[in-house]
Amino acid sequence: MTSVESLLAGSGRGVQTATLDDGTEVVVKSGEPSSIAAEAAGLRWLAEPGAVGVPEVLGTAEGRMVSTRVPSGRADAGAAARFGRELAALHAAGAPAVGSPPPGGPVHAWIGEARMVNETGDDWPSWYAEHRVLPYARQARDQGTFSADDVAVVERACASFPDVAGPAETPARLHGDLWTGNVLWDGDRAWVIDPAAHGGHRETDLAMLALFGAPQLETVLAAYDEAAPLADGWRDRVGLHQLFPLLVHTVLFGGGYGSRALAICKPLARST
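Bear in mind that the values here come from a model prediction, so they are computed numbers and not experimental data.

Parameters and conventions
Residues numbered from 1 in each chain as written. Predicted model: local features only at pLDDT ≥ 70, side-chain atom pairs only at ≥ 80, totals over all residues. Heavy atoms only, no water. Pairing = 2+ DSSP bridges. Helix = DSSP H or I, 4+ residues; strand = E, 2+ residues; numbered from the N terminus. Buried < 20%, exposed > 50% of the residue type's maximum accessible area, 1.4 Å probe, protein only. Axes fitted to C-alpha atoms, helices over the stretch in contact; angles between N-to-C directions.

Caption draft 1: How the structure looks around the pairing of strand 3 (residues 57–61). With four bridges joining them, strand 3 and strand 4 (residues 64–68) adopt antiparallel strand pairing. Paired with Val 57 across the strands is Ser 67, a residue of strand 4. What sits between the antiparallel neighbours strand 3 and strand 4 is a turn of two residues, in which Gly 63 has the positive phi angle 75 degrees.

In structure tokens form, the structure reads like this:
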């Protein structure tokens, strides 16, 4: 008998697929308990507005989660335009504050294999510097990937954030790790998986989509901008919003990502 309860009681690590007795195809994911708890809370929070496609969380246990399996397909222009509109609706659902975790989610969460703290802040530029940029730059220094001079460049760049972040916006409900590998397509729409969900700036999700080249990206962005017009100059701020994932990758994988992050920071540092 294959049920959600039996899968939650099983063993093993990583990601597996299974079929329930009623024919439902599911994904069984196991790992560090706080990571699984954060992911489950994030999926439920993203699903709540009924905007983007999100796998349904069928059950959780300590360090294990069972969710519905997303159908597979290809991204076409229609699905991409739909995703742009749905992502705008997801962001518009909002969050209590920048940095707020999903309801029931841990403050000490994860982005991929890296730790991430969901502490709230009063304004996005200072919160972004304190909780999304500086911790990873300093961790890269402690690992020997960044020098003290590199961290000083990042710190000077952070001082410019209030001047370059664009107009203030209400906190958006973010996926938080929206690189192309976390967007799956079934031919009709996009589905999002593996969130690092929190309250933040909506341009962050869009910049993440662009970081490693999402399919039909310009169609997604055009549909998003039509549904929820972006503030003037948003394309100039893509690099600013990519700093966080680039620094996370610097900590996890090393120097090439660090060079890209520093290339973004250097002109910002010179402006302070």
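Caption draft 2: Local environment of unusual backbone geometry. Of note in the backbone geometry, Asp 194 takes a positive phi value of approximately 50 degrees without being a glycine. Look at Asp 194 and you get partly exposed, because its relative accessible area is 29%. A positive phi angle, close to 55 degrees, is found at Gln 216, a residue other than glycine. Considering the arrangement of structural elements, one finds Gln 216 in the loop between helix 7 (202–211) and helix 8 (217–227).

Caption draft 3: Representation of the sheet that holds strand 3 in the model. Here four strands make up an open sheet; going across it, the order is 1-2-4-3 and the pairing antiparallel. The open sheet terminates on both sides in strands that have one partner only, identified here as strand 1 (14–19) and strand 3. Here the average twist between neighbouring strands, direction ignored, is 20 degrees. Relative to strand 4, strand 2 (residues 25–30) runs antiparallel, the two sharing five bridges. Counted as the bridge partner of Ser 30 is Arg 64 from strand 4.

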